[in-house]
Each structure stands twice: as C-alpha cells, then as structure tokens.
Amino acid sequence: MAKDNEITLALVVPCYNEEAVLHDTTAKLSEVLNAMETDGSISSGKIIYVDDGSRDATWQIIKQLSAESNRIIGLKLAHNVGHQNALWAGLEAAAEMKFNATVSIDADLQDDIHVIADMVKRFAEGDDVVFGVRRERKTDTFFKRFTAQSFYRTMSWMGGEIIYNHADFRLMSLRALQALISHPERNLFLRGMVKSIGFPSSCVYYDRKERLAGESKYPLKKMLNFAFDGITSFSVKPLRLISSLGISCMLVSAAFIVYGLYRYITHSVIEGWTSLMLSLWFIGGAILTSLGIIGEYIGKIYCEVKRRPRYFIEETTASTKP
Ligand code: UDP
Ligand code: MG
C-alpha cells in the first residue's frame, strides 16, 4: 500500500445537466482536497468531471473550471450514456492516470464529502475498497426510501452481492479499480461488481443530504430500469423461479389426479371436468418445467458471454516470483 504522504487521489464525478451545482460542488470538493493536502493525508488530489452528454452549460462550466485550476480534469462523452457508464468512463480515466486511490461521488453532493478523509485513512491502513454507506434516509421522500429499500431486499434475496444502503460513493485502490475495469461486460451494475471483486474492504457511515440544487436525474422509470438491470445482471434466480413454478404446478397436478379420479369414481362431476382439469394442470406444469430447463441453459450462456474474470489474486508470497 502507498505510504500516507504519497497518496494521489482522484474524485470521479459524473455530471448530467448539472450546471446548477457545478460551481458549488467544485468549491466544496476543492476545500476537502486542500485540507487533506495540507494535513499530509494525500500528496495531491484531482477532480475528474465526466460530462454525460449534458444539454445545458455543464461542459462549458467544466472547461472554464479546468482552465482556472489544474485540479480539475474534464471528460466529455459524446452522448448521454447513463450514470453507470459515465462513472465507468471516469474510473477508466483515473486508472489510466494511475491515481493510487479513486473516489466516485455524485455531482449533487448528497453524499457527505467529509467522510472522504475517513475513506483515505482506511485506504492508508490497507483497505482496497471503502464503501460509503447511508446511515439514514431522512431527507428522501417516503416513496424513494420505500422503493430503494425494497430494491436492496429483493437484490439480496436474489443472491446479488450488494451492500445495504450503499450507492456509488466509494473509494477504490488502483488495483481494485484495475480489477473492476477488467470486466468486459456491457451491463454495468457497479455497486454489485465492486463488491464481488473481493480485496480487503470496509464501510464508512454518513447521513445523506438534500440535493445541492437542480432535480434528481433518476425519475421512477430510470430507477425501475436500474433495479431490473441490477437484478438481471447479477442473478439467474428469476430463471430458476420458472423451474420452481413448473414443479409446483406438477405437484398440484398430481394432487388433482387423485382428487379428480376420486370425484370421477364417486360420480359427482359433470362430464369432461376431470380430463380438462387434469390436462390443464399437467400441461401447464410440463410447459413451465421445460421453460425452466431452457432457462438453466440460458443462465449458463449468460454467465459465459459475460466473460467475467475468474479470480483476482490478492497476495502472493515472495517465492512465486522468478
Ligand atoms: N447522471 C449521469 N447520467 C445520467 C443521469 C445521472 O451522469 O444519465 C449523474 C448525475 O449528474 C449525478 C449522478 O449521476 O451526478 C446521480 O444522479 P442524481 O443525483 O440525479 O440521482 P439521485 O441521487 O436522485 O438518485
Ligand atoms: Mg442525487
């Protein structure tokens, strides 16, 4: 790990139509970086703004800010690719520039920038990934809180590796970042991917604030899409559920065979009911089970096409070196 006074830090900030907050955000982030440089916890800090194809003056502001200060690095994407992809672009740039540590944070500074210093401290103590975790969601509406928490619950039930109440505010060491960007997949769900990399990690807790200005760029439709993407890019459980449903139907059909035949023998049925009922449940069950089996294969194909790296080596003993 880098020695305390040698740490170079990058803050990666995706921006989509954020003209209302950029000046304020820059002032606040610079203040944090200045303080850390002064107390020696980092040797230098930069801010990488990624303009995600904004339609307002975001890019003009970024250009102007970077002309005024060499702390600011700007990256303009040719069109809007969404938060996760924009963040990825910034992270790739940070890895290329070989910053020892990289923190990703939203432009609206809803996440508490004062815990960045704690993150760096954890990093200096040897953690590769430090997750920022929201302690409470008082400032979010009941609706946002409810939908978000249902999402985390569903996700963990589906077996996705995810940290409860952690969004995309986190610190990553260079090697963790390199491990992350070695994932060739297109469907990005960064908070899950980072967790699945491994490497020593820890959490810092903070209270989430209100947006500095402007409005949320995550309306309900995007939120639902994001949640659905998260689940389907991490779990084949929905496919497995089809098999379970099919088997349940077959079991019901077995029960119906017994019940139907009993009713048939005791002559208390209208003609045709027994055969209809039996075939309905049996065929339904058979179709679902077959779909489930096909689903198993699709699940395998899905894991193969992702071509995710199989493992990351955390440490080796000196003897492995030639
Ligand atoms: N963002 C982005 N591209 C998009 C949507 C959002 O880069 O298509 C950025 C946005 O500028 C912000 C971050 O992603 O820095 C999170 O968005 P927002 O704060 O609106 O989401 P919320 O906090 O409401 O979930
Ligand atoms: Mg926000």
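Read on for a plain summary of the structure. Remember, predicted model here, so these are calculated numbers, not experimental data. All residue numbers refer to position in the chain's written sequence, counted from 1. Whichever chain is written first becomes A and whichever ligand is written first becomes 1, with later ones labelled in order. Where totals are concerned, whole chains, interfaces and linings use all residues; where local detail is concerned, this predicted model gives features only for residues with pLDDT of at least 70, and gives and counts side-chain atom pairs only at 80 or more. Water and hydrogen atoms were dropped before computing side-chain values, which therefore reflect all heavy atoms in the structure.

**Description of the pairing of strand β6 (residues 166–173)**
Of all the eight residues making up β6, eight are buried; the element is thus mostly covered by neighbouring parts of the structure. Bridge count between strand β4 (residues 101–104) and β6: four bridges; the pairing is antiparallel. By the bridge assignment for β6, Ser104 is matched with Arg170. Both strand β5 (residues 129–134) and β6 contribute to a ladder of four bridges, which runs antiparallel. Bridged to Val130 within β6 is Leu171. Think of it in three bands: residues with accessible area under 20% of the maximum for their type are buried, residues over 50% are exposed, and the middle band is partly exposed, with areas taken using a 1.4 Å probe on protein chains only. The way it works is that DSSP assigns letters per residue, a run of H or I at least four long becomes a helix, a run of E at least two long becomes a strand, and they are numbered from the N terminus. Paired strands are those between which DSSP finds at least two bridges.

**What about the packing of helix α9 (residues 237–265) against helix α10 (residues 273–306)?**
Where α9 contacts α10, the two axes come as close as 7 Å, and the packing angle between them is 160°. Between α9 and α10, the interaxial angle falls into the category roughly antiparallel. Crossing of α9 against α10: the hand is left-handed. Looking at the contact of α9 with α10 residue by residue, the classes come out as 22 nonpolar, eleven polar and three charged. To get an axis, fit a line to the C-alpha atoms, keeping to the stretch in contact for a helix; angles then go from 0 to 180 degrees between the N-to-C directions. Throughout, the term roughly parallel applies to angles under 35 degrees, roughly antiparallel to angles over 145, roughly perpendicular to angles from 65 to 115, and oblique to all others. Here is the rule for handedness: rotate from the far helix to the near one, and if that takes an anticlockwise turn smaller than a right angle the crossing is left-handed, while a clockwise turn gives right-handed. In this classification, Asp, Glu, Lys and Arg are treated as charged, Ala, Val, Leu, Ile, Met, Phe, Trp, Tyr, Cys and Pro as nonpolar, and every other residue, Gly included, as polar.

**Overview of the site of ligand 1**
Near residues are defined by distance, with any heavy atom within 4 Å of the molecule or strand qualifying the residue. Taken together, 20 residues sit near ligand 1, with Glu18, Asp52, Asp108, Ser216 and Lys217 positioned nearest. N or O atoms within 3.5 Å of each other form a polar contact, as long as, within protein, one can give a hydrogen and the other can take it, and as long as residues adjacent in sequence are counted only when both atoms are side-chain atoms. Contacts to ligand 1 include Ala107, whose backbone N or O atom sits 2.9 Å from an oxygen atom. A distance of 3.3 Å separates an oxygen atom of ligand 1 from a polar side-chain atom of Lys222. Protein contact buries 95% of the 540 Å² of open area that ligand 1 shows by itself. Among the elements of the structure, β1 (8–15) and α3 (83–96) are those that each provide at least two residues to the shell around ligand 1. A per-class count over the shell around ligand 1 returns six nonpolar, five polar and nine charged. Residue exposure ignores everything except the shown protein chains as possible cover, and the areas themselves are Shrake-Rupley values with a 1.4 Å probe.

**Details of the pairing of strand β2 (residues 44–51)**
In terms of burial, β2 is largely enclosed, as six of its eight residues are buried. Across eight bridges, β1 lies against β2 in parallel orientation. Across the sheet, residue Leu11 finds its bridge partner in β2, namely Ile47. Between the parallel pair β1 and β2, the chain is carried across by helix α1 (residues 22–38), and the sense of this crossover is right-handed. As paired elements, β2 and strand β3 (residues 72–76) share five bridges and run parallel to each other. Following the sheet pairing, Ile47 is matched in β3 by Ile72. Note on handedness: a clockwise path from strand one over the helix to strand two, with the strands aimed away from the viewer, defines a right-handed crossover.

**Remarks on the sheet that holds β3**
Hydrogen bonding along the main chain pairs the strands of a sheet, whether they run parallel or antiparallel. Taking strand neighbours across the sheet as the criterion, the seven strands line up as β3-β2-β1-β4-β6-β5-β7 in an open arrangement whose pairing is mixed. The outermost strands of the open sheet, each flanked by one partner alone, are β3 and β7 (201–206). The average angle at which neighbouring strand axes cross in this sheet is 20°, direction not considered. Its contacts with the sheet put α1 on β1, β2 and β3, and the angle it makes with β2 is roughly 160°. Its contacts with the sheet place α3 against β1, β2, β3, β4 and β6, and it is angled at close to 155° to β1. When checking whether two residues touch, look at their non-hydrogen atoms; a contact exists if any pair is within 4.5 Å.

**Looking at the coordination of the magnesium ion (ligand 2)**
Put simply, a metal with four donors set out as a tetrahedron has ideal angles of 109.5 degrees, and one with six donors set out as an octahedron has ideal angles of 90 or 180 degrees. Distances from the magnesium ion (ligand 2) to its protein donors, namely Asp108 (OD) and Gln110 (OE1), fall within the range 1.8 to 2.0 Å. Judged by its relative accessible area of 10%, Gln110 is buried. For Na, K and Ca the donor cut-off is 3.2 Å, while for other metals it is 2.8 Å, and in both cases only N, O and S atoms qualify; water is not among them, so sites may look incomplete.

**A short note on the nonpolar core**
General note: in soluble globular proteins, nonpolar side chains tend to be found buried as a group. Ranked by size, the top nonpolar core spans 40 residues in total, and within it Leu91, Met172 and Leu180 carry the most contacts. When residues of this core are traced back to their parent elements, those giving at least two are β1, β2, α3, β5, α5 (142–157), α6 (174–181), α7 (190–197) and α8 (220–232). Considering each element in turn, this core owes the most residues, seven residues, to α3. Beyond its immediate stretch of four places on either side in the chain, Met172 contacts Leu91, Asn100, Ala101, Thr102, Asp128, Val129, Leu177, Leu180 and Val194. The definition of a nonpolar core used throughout is a set of buried Ala, Val, Leu, Ile, Met, Phe, Trp, Tyr and Cys residues joined through side-chain atoms within 4.5 Å.

**Brief notes about the pattern of salt bridges**
Only one rule defines a salt bridge in this text: a Lys or Arg side-chain nitrogen within 4 Å of an Asp or Glu carboxyl oxygen. Enumeration over the complete set of coordinates arrives at eleven salt bridges. Asp51 is the partner of Lys76 in a salt bridge, and the nearest nitrogen-oxygen pair spans 4.0 Å. One end of the pair, Lys76, is in strand β3; the other, Asp51, is in strand β2, with 25 residues separating them in the sequence. For Lys76, a relative accessible area of 44% translates into the label partly exposed. Measuring nitrogen to oxygen at the nearest pair gives 3.2 Å for the salt bridge that ties Arg191 to Asp168. In this pair, Arg191 sits in helix α7 while Asp168 sits in strand β6, placing the two residues 23 residues apart along the sequence. For the pair shown, Arg191 and Asp168 are each scored as buried. Taken together, the shared-partner salt bridges in this structure form one network comprising Asp168, Arg170 and Arg191.

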